[in-house]
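Fold and geometry: a report
Chain by chain, the residues run as shown.
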Amino acid sequence: MSELIKVRDELRAFAAERDWDQFHSPKNLASALAVEAAELLEPFQWLTEEQSRNLTEAQLAAVKNELADVQIYLIRLADKLDVDLLQAVRDKIVRNAEKYPAHVFKGSARKYSET
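Residues numbered from 1 in each chain as written. Predicted model: local features only at pLDDT ≥ 70, side-chain atom pairs only at ≥ 80, totals over all residues. Heavy atoms only, no water.

In this structure, aspartate 19 takes a positive phi of about 55° despite not being glycine. Summarising the element assignment, aspartate 19 is placed in the loop between α1 (3–17) and α2 (26–41). We classify aspartate 19 as partly exposed; its relative accessible area is 49%. Even without glycine at this site, aspartate 82 takes up a positive phi of about 55°. (Helix = DSSP H or I, 4+ residues; strand = E, 2+ residues; numbered from the N terminus. Buried < 20%, exposed > 50% of the residue type's maximum accessible area, 1.4 Å probe, protein only.)

With the rule as written, the count across this model stands at three aromatic pairs. With a centroid separation of 5.7 Å and 70° between ring planes, the pair formed by phenylalanine 14 and tryptophan 20 is classed as edge-to-face. By relative accessible area, which is 39% here, phenylalanine 14 ends up partly exposed. Owing to a relative accessible area of 36%, tryptophan 20 belongs among the partly exposed residues under this scheme. Aromatic pair tyrosine 100 and tyrosine 112: ring centres 5.7 Å apart, planes at 90°, arrangement edge-to-face. Of the two residues, tyrosine 100 is situated in the loop between α5 (85–99) and α6 (102–105) and tyrosine 112 in the segment after α6; the sequence distance between them amounts to 12 residues. Joined through ring pairs, the aromatic side chains of Tyr100, Phe105 and Tyr112 make up one cluster. Above the face of the phenylalanine 14 ring, arginine 18 is positioned so that its terminal group lies 3.5 Å from the ring centre. Taking the ring centre of phenylalanine 105 as reference, the NZ or CZ of arginine 110 above it sits at 4.8 Å. (Phe/Tyr/Trp six-rings, centres within 6.5 Å; stacked < 30°, edge-to-face > 60°. Lys NZ or Arg CZ within 6 Å of the ring centre and 35° of its normal.)

Written out as C-alpha cells, the structure is:
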C-alpha cells in the first residue's frame with residue numbers, strides 16, 4: 001500500500017470520527033483548498049526572491065503547516081471524486097512534456113502558447 005493511500009485512509013477516518021463528511025463535498029473541499037493555497041503565500045509576502053530561498057526556521061514552519069493543509073484538502077478532494085492522484089500527476093507530466101518540449105523551452109519561462 002502506498003503512503004498516499006495510507007494518508008488518504010487516515011484522513012477518511014479523521015473526518016468520519018468527527019462526522020465531517022457531510023461538509024466535505026467536492027465544492028467545499030475545492031474552496032478550502034483554494035483558501036489554504038492562498039494562505040501558503042502569506043509567509044512569502046514581502047520577501048525578496050533570495051529571502052524566499054532562505055527562510056528562517058519560523059517561516060519554514062509556517063510554510064510546512066500550509067503545505068500540509070493544501071495536501072490534506074487535495075487528497076480529500078481526489079478521494080471524494082475517486083481520482084487516482086498519483087496517476088493524474090503522471091498523466092499531467094506526459095501532457096506537459098508534449099506542450100513544453102525541453103529542446104524548445106529549456107531555460108525559458110514563457111507559456112506554450114507563446115511559441
